[in-house]
Structure formats: C-alpha cells, structure tokens
Number of protein chains: 4
Amino acid sequence: MGKAKIRIPFFETSIKCYIYGDEVLKIAKAADAASVRHDVDVLFIAPYVDIRRIRESCPHLIILAPYMDTLRPGRGMADILPEALKEAGAQGVVINHCERPMTLSAIKKTIDRANELDMLSFVCADTIEEARAVAQMNPDIINPESSELIGSGQASDMSYVMEAIKAVKDINPGILVEQAAGITTAQQIYDFIMAGSEAAGSASGLLNSADPLALLDEMVSYVKKAREDLIKSGRLSI
Amino acid sequence: MGKAKIRIPFFETSIKCYIYGDEVLKIAKAADAASVRHDVDVLFIAPYVDIRRIRESCPHLIILAPYMDTLRPGRGMADILPEALKEAGAQGVVINHCERPMTLSAIKKTIDRANELDMLSFVCADTIEEARAVAQMNPDIINPESSELIGSGQASDMSYVMEAIKAVKDINPGILVEQAAGITTAQQIYDFIMAGSEAAGSASGLLNSADPLALLDEMVSYVKKAREDLIKSGRLSI
Amino acid sequence: MGKAKIRIPFFETSIKCYIYGDEVLKIAKAADAASVRHDVDVLFIAPYVDIRRIRESCPHLIILAPYMDTLRPGRGMADILPEALKEAGAQGVVINHCERPMTLSAIKKTIDRANELDMLSFVCADTIEEARAVAQMNPDIINPESSELIGSGQASDMSYVMEAIKAVKDINPGILVEQAAGITTAQQIYDFIMAGSEAAGSASGLLNSADPLALLDEMVSYVKKAREDLIKSGRLSI
Amino acid sequence: MGKAKIRIPFFETSIKCYIYGDEVLKIAKAADAASVRHDVDVLFIAPYVDIRRIRESCPHLIILAPYMDTLRPGRGMADILPEALKEAGAQGVVINHCERPMTLSAIKKTIDRANELDMLSFVCADTIEEARAVAQMNPDIINPESSELIGSGQASDMSYVMEAIKAVKDINPGILVEQAAGITTAQQIYDFIMAGSEAAGSASGLLNSADPLALLDEMVSYVKKAREDLIKSGRLSI
C-alpha cells in the first residue's frame, strides 16, 4: 500500500494538550475542510484517544500520532503499539518532539518501525547539528526548530531557516523540511515556504489566536498562495 | 456526578499490547456481555486509542486507562491529559504498573488528579511494603502483586495474598484489593476472592489460553459464584 | 559492624552542585571541625567524586552519597554501585531527593540495599502523604519537605513540620525526622529541633550566605543549644 | 591548556561495575604501567568515586568519566557536574553508552560542555546510521558498536568494522574511531587496529579473563605492535 503521499508544500498543525474532546474534532474538521477548499495537504498531529474519531470524520487529513514505542505485540501496559496506531488511522508519527525527547537509539528504532509499517516519520531537531544528525537516519520529514521558540509566539529567524534547510538537503535532498516554531500568522507560513521549507505549521499560535478556525483557513490558503508563486517562478513544477 | 460505583467482588482484565484493533473490541464486547450475563462488574483496561470506541460499544464495562500524566490543558506533545481520557470515556486509571513504574511523587499527584476528575485510581504495588506505602495515599483500588509473576502464568501463593490484603486493610479498610498476577484459570479467580480479595483479574493468562472468549465468560461466572458463596456464608451482605 | 550511630539531635548539610573541588573540601573540613567543637553529629551529603577525599580528611562526618543504584557488581556503565560507595567511605545514601525522584519500587530496593550494606537510608518526601508512604518502608531517616521550598530560602511553616513529624512517628517512632527546606538561619535550626525534629539542615541557605563557614559553625552550635534545652526540659535523656 | 592529546593507535579499558575499591586501583596502575612500558596511550574509564585517586596514582592514563550531566554549578542533588569531574582529574567523558542511553539533544549538549571544558568526548553508537548521526556532531572519538555484542564475548565482524570506520571518516576524517565490543584477545586488538580503527578496547573480556593483568599488558603491547606495522607499511607516519 505504501506510505501516504504528501504533496508539497503542505501545512501541519497540532492541538498538543491545549484542548480535548469535541473541541479537537472541531479543529480537525476545520483542517479537513481547509485542505479540500485550498487543495493543500494538511498533517494533523492528534492525541491517541482522538485518532480513530478524526480518521472517521476527516478523510483528507494526514493523521500523525505524537509518539510511539517500538515494542511488538505482546506485554506492555501503557506502551504505544505502532500496529495499534496504524489500525486506528495514524499514517505517521512524530519522533523526538522537544516535549518528548528520545534517545538517539530510540529515534533510529522508531524510524525503522515506521518504515516497516508504511508510516511517515516526522522527526524534530533542536539545533542545526541535531538536524544534520537526524538527516543521517533518513526520515521522511525533519522539523528543525529551537525548543526555546516552541510555544513562544516567536518564530525562527530566516537565516536559521535557510541554514537548517541547506543542512538537511546537503545530506539527503529527499527529506522534507518543515518550520513551525512560534508561527502566529499566515504571512509567516507563506514566508517560510518561499524561503525553501516544504511545509510550515502552527499549534499554539493558532489555538491562542482570537479566531482559530478563521486563522487555520487563512494559513492553509497561504500555503496554496505560496505554491502558486513557487510554480510561477519556476521553483516548483506541477 | 461522582466516581463509577463498583460492586464487589469484581473482575478485571486488560489486553495490554497483546492484540490491537478489532480484536480488542471483540474482547471488550465479550467482557461487556459477560458482565451483563453474570451481573458482575468488569473493569477493562483499554489502550488509549480504543477507549472511545469501547465506551460507545460496551456500556456496562468500567473502563480504565493504563496510565495518565498530571499536566493540565496546555502545551505537552504526547502527554496523556486526564481530561481527555475522561471525555473519551475512561472512568479510572492504572497507576504504577510494573511495566510503567512511577515516582512516589507522580503516584501521589496522579491519585489527586484522578480524585479531582472523579476517576477511579487503581494502583499497583510490587511488594507488601510497597502496598502499605501506597495504602497511605488512599487510592480506590490496590493491586499488590510481585512483578516477577506478571505475565508468567504463575500466580501469587495464598499466604502472600492474605498478607497483602491484611496489610492494606490495616491501614485503610475502604481500599479495595485485587489479585491478578499469573492467573490462568477460573478456579483461581474464585479462590483469590474467597481468600479475601475484592477482585481478581487476568490478562496474559486469558489471551494466551486456547479459547479466550470462553475463559473470559467462565472467569466472570466464577466471580458470581464466589459472590454467592460469600453471601451464603455471611461474609458479604447484599 | 553495623550502621553508623547517629546521636540526636544532629545537623545535616550538602553542597549539591553549588561548588566543586577544593571548595567542597573546605566546607567539609569546617563541618568536621564544628562537629568536634560542639560535639554534634553532622551528616554531610557529598558528590561522588569527593566522598573518598572527605572521608580521609574528615573523620567525624557521617558521609552520605546523594543517590545510588541497586545493581550488584557486574556490567553497568555510569551506574552508582552501592559497594563502591561504601568502600569509598559513604555511610549512607539519600533516596528520592526531589531533584532525583525515584520510583516507589526503586525506593524500596534502595532501602533494602542500604540495609544489606549497613548504610543509612535518608529518604525525602514531598508531602505528608508521601512521608507516610515512605515511613511504611522503614528507612532510618525521613526528610519530609515540600519540593517547592527547596533552594527557595523559605522554610516550612511550623504546623507543617509538626504534622509531618507526627505522621511519621505514628507509623514508626524509630524513624528519625529531619527538616531542611529553605533554612537560612541558626535560629530556624534551633526552632525546628525544639518543635520535635531530630535534625535540621541547610544547603543553599548556607552556601548563599555572606559567610558560609561562620554560619555553618553557628548552625551546629544551635543544634547543641537545642540539645541542652531538650535535656533541661526533660524531653531528651542523655 | 587544551584537551589531552591522544597518540594513535591507542588502547581503552573500563571496569564498569565489575569491581570496586582497591581492585579498581590495581587495574588502573597496571594500565598506567603498560602505557609507559609500551609507550601507548591508554584511556581509562573510571567510576566517579575513583577518578581522583586514579589521577593521583596513574599520571600517564587519560581518564574518562562514564557520563556527565550538563548543568552548571548550582542546585542539583546527585547530578554529575562537569566542572567537578574535570577538577577531580577526568580529561574526557563517555557519552551515550548503551547502558546509559542519552537523548539526541543531551548528546549534543554534552559534547558542547566537554568542548567548553577541554574534555574529550567519546560517543558510543549502536548502529552504522547512529554512528553517522553522531559524526555530524563532531565528537573527538566515536565507538560504533552493536549493543548486543557488549559484554557478550563476541566481537564485531570485520566488515561491520570497516563500514563503521568509513561511515564516520566520510563525514569527518578527524574523528577517531574505536572498536571495543566483545574483544577478548590481544590478537583482536591488533586486527581491529590494522583494519583501520584508531583504537581498540576491552572491558568485560579483560576482567573475566584468567589473568586480567597479564592480558591487559598483552593487549597494550599488541597496540604497539600494530603501530609499528602501520608505520612499516607506510599507513601511519610518526
């Protein structure tokens, strides 16, 4: 069957633990609708308890789990079994988020398990050097962003972004690079993509805004706008 | 609203990570049916991804999550938010399972969070001394069993069981005590309850048996049988 | 040979990671001298690298390691082997400090290992309930203090102290109780002991003072003063 | 002052937790004597409690700590303060040993702290991919060996060794590569160095041998022999 195909540029969002229950579903449905409306792929990182429900209601989202263990079916109370995530509808997994840091060895094993199950691996890295290190393990997506910026409302500066993209691409040009730390406006989404990121995302910036649903739609529309401008300028072919 | 009321003696089961997906739902439905058939309360420890689905299909089960964090709504990628568990249908939480050992301080905080949300606290303890320690924090249920026996197919010996029950009850007679390690037969379920446990349970013993669904029903029926014999002998009043 | 005998009331101090190298030895020698001068037992929690050197220079201190693992001689890179600590001169070990929280099971195993090697177990607890839980495992000393106060310069209030002492003594009157969080003056040392603590201590309060060596001597002298007043009032017999 | 200079090829050994106390010093002195006798640099990974004593008795050894934290002087009970290690005599630190796995972010921060204090960084990696990842963070030494082999008495096969060396050198030829997993004979020491490793080492293989002191001397002598053969063949210049 293979992994979910992602069309670039794409948008990514996550509710982390800011909201729960029906509020999560509401945001997920809005993300799904924006994905359809603007014909842009949207990655949605969903809490474990909501993965199945979002899968059933939001057919266009590419759903990621926020973490997984690498055990195989067997004993293991409270472990996150990869097969169970996939069966519930997850198409990928976040690895090494700064709020869930992982050992080097666990990062490697989780990428391997994701590949085995045709799940996308989305690996976070805190510095340029860590982004380079992660690139050596060939995940599908790298999210190189300083943990100090996450949830801060302050985004990476553009020189950092350009350097991070180059660092990853020099090692493996096939790895997609996303920027998300501290993004609060649709214009930033556009700017980061125009600077060379295959994707941009927002979590706290979106949820803490005055009108999250409207901003979500606007952000996705700016991904579309960036895509059109990349095509016009010949930097992206259809 | 208050916590879920548990009628004693009760049965507890868990699929841990042995199975996933529709297989989990099948076991849950069988547990729900056995609960109705024998009029016995059944605690079902469900993987996070399955809690909501089991809640919707199995109205009689008392559903427990296998673990939770104690954060409050906010940032926290991959954390298990108590409010999200409760909203999805969990009525309680397992704390300090030997496959997910917790710090003393986290055990205390998780019991507090469970109380705050009217969720049952089900705390595991590896030795008699640890059972006594846990009893001082007044959880709803204590599961005192040697981690060496869990998943082994070998149950606690009866003198250990009696001592563990006495240790807990001497500190707080209101705490329910359950035995589950290494139980593989319905007769053991009956014996542990007749020895003074308010509950008995089985996970790997059940799932690794020749006919899990039949054994599950038999085990629940033996809880009923124990209840009737306890009533007859005047040790339990209706 | 048996565990080190502690005469009550006693004083405890620790340099944590505030200083290192010869500065540690200087404080240790001052503590040793104060112990002799005032005929008061002093527990000194020493970094691993300094235990042997302090042992050689400070014969009167009762030296504790800040943590230990429970492995037995064998493989284990970077683990803290109990036998190695003891051989280097440690006579006891701190367990479950809030800056090194431990699982309930590890607390129990570490107390057991300390007993096996005739090492004193000094267990920290963050709340009254946790102090009660720890008391069930019968360590030699319990240090019940809110982690929020540690390093804050603000001490526990007296009602908390009295309640903590009573909570521990109700379970096992043989366990010694110490207060140390946020203590910055010799008068507090005196007051906590007069309130019923067998010991009082200070780490950051001492090291951050204008003249640590003078304050250290004064604090130890106030332990002596408290001892004399306890004897005079008939609350302590010689 | 700068980092300790290491002359290649070199030998590395560690007692892990197999022995303690005076037995450690005996091995360290034998390693120091062998270093002088064969004019070969020897890295000795010492337990924290023994670092200072070994430093005082063994002037020729290059002493490494088995792990360190990255905190700066301040609060932190039981943390391993880098400055304290260095002051006690450690000239470097082992990072990410499979018995002390570290997060990617902690690996990076520890390499940075080691550089800041002119301490050698010796980083372990469990697979070729992880060795490549670590190489991106430019430590001084990489020890790429499968955790399954460590302590097993079975060494890496030569094709793995050659591939691991090439993987690291392709990224940064200045990083030294050592092989140590499962080495039990002096001949293996010679072979791994002749295959291109800058170093070889042995811990359990040495300590579990019939005559550890004799084998230690023999292993160091085989490093010398390999050095001479590398010089003769023109692969190493003096």
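Residues numbered from 1 in each chain as written. Chains lettered and ligands numbered in written order. Predicted model: local features only at pLDDT ≥ 70, side-chain atom pairs only at ≥ 80, totals over all residues. Heavy atoms only, no water.

Caption draft 1: Structural detail: the relation of the copies chain A and chain B. Taken as rigid bodies, chain A and chain B are interconverted by a rotation of 180 degrees and an axial shift of 0.0 Å, the fit giving an RMSD of 0.0 Å. What the rotation and shift describe, once combined, is the action of a two-fold rotation axis. No C-alpha of chain A lies nearer the rotation axis than that of A:Val49, which sits 2.3 Å from it. (Least-squares fit on C-alpha atoms with pLDDT ≥ 70 in both.)

Caption draft 2: Quick look at the packing of helix H4 (residues 104-116) of chain B against helix H5 (residues 128-135) of chain C. It is at 10 Å that the axes of H4(B) and H5(C) come closest, and there the two elements cross at 125 degrees. Considering the angle they form, H4(B) stands oblique to H5(C). Note that H4(B) runs across H5(C); the crossing there is right-handed. Between H4(B) and H5(C), the residues in contact are B:Leu104, B:Ser105 and B:Lys108 and C:Glu129, C:Glu130, C:Ala133 and C:Val134, respectively. Classifying every residue of the contact of H4(B) with H5(C) by side-chain character gives three nonpolar, one polar and three charged. (Axes fitted to C-alpha atoms, helices over the stretch in contact; angles between N-to-C directions. Helix = DSSP H or I, 4+ residues; strand = E, 2+ residues; numbered from the N terminus. Parallel < 35°, antiparallel > 145°, perpendicular 65-115°, else oblique. Left-handed = near helix turned anticlockwise from the far one by under 90°. Contact = heavy atoms within 4.5 Å. Nonpolar A, V, L, I, M, F, W, Y, C, P; charged D, E, K, R; others polar.)

Caption draft 3: Representation of the interface of chain A and chain B within the structure. Chain A puts 35 residues into the contact, and the matching count from chain B is 35 residues. At the boundary of chain A with chain B, the tally comes to six salt bridges. Among the salt bridges present, the one from B:Arg53 reaches A:Glu87, with a minimum N-O distance of 3.9 Å. Summed over the shared surface of chain A and chain B, the number is 14 residue pairs in polar contact (both at pLDDT 80 or more). (Salt bridge = Lys/Arg side-chain N within 4 Å of Asp/Glu carboxyl O. Polar contact = N/O pair within 3.5 Å; in protein donor to acceptor, adjacent residues only side chain to side chain.)

Caption draft 4: Geometry of unusual backbone geometry. With an omega of -10 degrees, the peptide bond running from B:Ile8 to B:Pro9 counts as cis. Position of B:Pro9 among the secondary structure elements: in the segment before strand S1 (10-14).

Caption draft 5: Molecular detail of the pattern of salt bridges. Across all of its chains, the model carries 64 salt bridges over all chains by this definition. A salt bridge links B:Asp170 to B:Lys166, with the nearest nitrogen and oxygen atoms 2.6 Å apart. On the criterion of helical spacing, the pair formed by B:Asp170 and B:Lys166 is a turn pair, its members being four residues apart in helix H6 (residues 158-171). Each of A:Asp22, A:Asp50, A:Arg53, B:Arg52 and B:Glu87 takes part in a single network of salt bridges with overlapping partners.

Caption draft 6: View of the interface of chain D and chain A. Tallying the contact residues gives 19 residues for chain D and 19 residues for chain A. Between chain D and chain A, the buried area comes to about 1500 Å², and carbon and sulfur atoms account for 67% of it. When the buried area of chain D at its contact with chain A is split by residue, D:Leu104, D:Glu130 and D:Gln136 rank highest and sum to 39% of it. For the interface between chain D and chain A, the tally reads zero salt bridges. At the boundary of chain D with chain A, the tally comes to two residue pairs in polar contact (both at pLDDT 80 or more). For the side of chain D that touches chain A, the elements supplying multiple residues, two or more each, are helix H4 (104-116) and helix H5 (128-135) of chain D. (Buried area = accessible area lost by both parts, 1.4 Å probe.)

Caption draft 7: Region of the structure containing the environment of C:Ile171. On the secondary structure map, C:Ile171 appears in helix H6 (residues 158-171). Assessed through its relative accessible area of 27%, C:Ile171 is described here as partly exposed. Residues within four places of C:Ile171 in sequence aside, it is in contact with B:Gln136, C:Arg132, C:Ala135 and C:Gln136. (Buried < 20%, exposed > 50% of the residue type's maximum accessible area, 1.4 Å probe, protein only.)

Caption draft 8: Representation of the state of the cysteines in the model. All names here are of chain B. Counted under the stated rule, the structure contains zero disulfides over all chains. As a non-bridged cysteine, cysteine 58 has cysteine 17 as the owner of its nearest cysteine sulfur, 19 Å distant. With no disulfide partner, cysteine 124 has as its closest neighbouring cysteine sulfur the one in cysteine 98, 7.2 Å distant. (Disulfide = S-S within 2.5 Å.)

Caption draft 9: Quick look at the side chain of B:Asp126. In this structure, B:Asp126 sits in the loop between strand S5 (120-125) and helix H5 (128-135). An unpaired buried charge is present at B:Asp126: no salt bridge exists, and C:Lys109, the closest side chain of opposite charge, is 4.4 Å distant. When near neighbours in sequence (up to four residues on either side) are disregarded, B:Asp126 contacts B:Glu145, B:Ser146, B:Ser147, B:Tyr160, C:Ser105 and C:Lys109. (Lys, Arg positive; Asp, Glu negative; His and termini not counted.)

Caption draft 10: Structural view of the pairing of strand S8 (residues 199-202) of chain C. All names here are of chain C. With burial as the criterion, each face of S8 is covered, one bearing Ala199 and Gly201 and the other bearing Ala200 and Ser202. Here four bridges tie strand S1 (residues 10-14) to S8, and the two strands are oriented parallel to one another. Residue pairing for S8: threonine 13 is matched across the bridge by serine 202. In terms of strand pairing, strand S7 (residues 176-179) meets S8 through two bridges, oriented parallel. Looking at the pairing, glutamine 179 lines up with alanine 200 of S8. Following the chain from S7 across helix H7 (residues 186-194) to the adjacent parallel S8, one finds a crossover that is right-handed. (Pairing = 2+ DSSP bridges. Right-handed = clockwise from strand over helix to strand, strands pointing away.)

Caption draft 11: Fine view of the sheet that holds strand S7 (residues 176-179) of chain B. Residue and element names in this part refer to chain B. Strand order in this closed barrel of eight strands is S1-S2-S3-S4-S5-S6-S7-S8, and the pairing throughout is parallel. Across the sheet, the mean angle from the axis of one strand to that of its neighbour is 25 degrees, orientation sign disregarded. The pairing of strand S2 (residues 42-45) with strand S3 (residues 62-65) spans three bridges and is classified as parallel. Bridge pairing in S3 links phenylalanine 44 to isoleucine 63. Running over the sheet, helix H7 (residues 186-194) touches S1, S7 and strand S8 (199-202) and is turned about 155 degrees from S8.

Caption draft 12: Up close: the packing of H5(C) against H6(C). All names here are of chain C. Closest axis-to-axis distance for the H5/H6 pair is 9 Å, and the angle between their directions is 25 degrees. Put simply, H5 runs roughly parallel to H6. Read as a crossing pair, H5 and H6 show a hand that is right-handed. For the pair H5 and H6, contact is made by Ile128, Ala131, Arg132 and Ala135 and by Tyr160, Glu163, Ala164, Ala167, Val168 and Ile171, respectively. Residues that form the contact of H5 with H6 fall into these classes: eight nonpolar, no polar and two charged.

Caption draft 13: A look at the packing of aromatic side chains. The full count for this structure, using the stated rule, is two aromatic pairs over all chains. Arranged with centres 5.7 Å apart and planes meeting at 20 degrees, the rings of C:Tyr48 and D:Tyr48 form a pair that is stacked. In this pair, C:Tyr48 is assigned in the loop between strand S2 (42-45) and helix H2 (51-57) and D:Tyr48 in the loop between strand S2 (42-45) and helix H2 (51-57), connecting two distinct chains. Relative accessible area serves as the criterion here: at 4%, C:Tyr48 is assigned to the buried category. Taking the ring centre of A:Tyr190 as reference, the NZ or CZ of A:Lys225 above it sits at 4.8 Å. Over the aromatic face of C:Tyr67 sits the side chain of C:Arg100, whose NZ or CZ is 4.2 Å from the ring centroid. (Phe/Tyr/Trp six-rings, centres within 6.5 Å; stacked < 30°, edge-to-face > 60°. Lys NZ or Arg CZ within 6 Å of the ring centre and 35° of its normal.)

Caption draft 14: Up close: the pairing of strand S4 (residues 92-95) of chain B. Residue and element names in this part refer to chain B. Residues Gly92 and Val94 of S4 are buried on one face, and the alternating residues Val93 and Ile95, pointing to the opposite face, are buried as well. Looking at chain direction, S3 and S4 are connected through two bridges and run parallel. Counted as the bridge partner of leucine 64 is glycine 92 from S4. Pairing between S4 and S5: four bridges, direction parallel. What sits directly across from glycine 92, in S5, is leucine 120. The β-α-β motif built from S4, the intervening H4 and the parallel element S5 has right-handed crossover chirality.

Caption draft 15: Structural detail: the arrangement of the chains. Contact between chain A and chain C is absent, and the least distance between their C-alpha atoms amounts to 16 Å. Here chain B and chain D are not in contact; the least distance found between their C-alpha atoms is 16 Å.

Caption draft 16: Structural context of the environment of B:Pro9. Given the relative accessible area of 3%, B:Pro9 is considered buried. Look past the residues within four positions of B:Pro9 in its chain and what remains in contact with it is B:Val40, B:Ile193, B:Glu198, B:Val223, B:Arg227 and B:Leu236.

Caption draft 17: Spatial organisation of the confidence of the model for chain A. Per-chain confidence: chain A averages 95 in pLDDT, with 100% of residues scoring 70 or above. Predicted complex, confidence summary: ipTM 0.95, pTM 0.96. (pLDDT = per-residue confidence, 0-100.)

Caption draft 18: Representation of the relation of the copies chain D and chain A in the model. Superposition record for chain D on chain A: RMSD 0.0 Å, screw rotation 180 degrees, translation along axis 0.0 Å. Of the residues that chain D buries at the interface, 100% are likewise interface residues in chain A, meaning the two copies contact each other through the same surface.

Caption draft 19: Representation of helix H6 (residues 158-171) of chain D within the structure. Residue and element names in this part refer to chain D. Compared with the 20 Å implied by 1.5 Å per residue over 14 residues, the 20 Å span of H6 between its first and last C-alpha is a close match. Within H6, the full set of buried residues consists of Tyr160, Val161, Ala164, Ile165, Ala167, Val168 and Lys169. Tucked into the core, H6 has its buried residues touching H5, strand S6 (141-144), strand S7 (176-179) and helix H7 (186-194). (Expected span 1.5 Å × (residues − 1).)

Caption draft 20: Spatial organisation of the sheet that holds strand S1 (residues 10-14) of chain A. Residues and elements named next belong to chain A. Spatially, eight strands are ordered S1-S2-S3-S4-S5-S6-S7-S8 in a closed barrel, and the strand pairing comes out parallel. Looking at each pair of strands side by side, their axes are set apart by 25 degrees on average, direction ignored. Where helix H9 (residues 212-232) meets the sheet, it contacts S1, strand S2 (42-45) and strand S8 (199-202), and its direction lies at approximately 155 degrees from that of S1.

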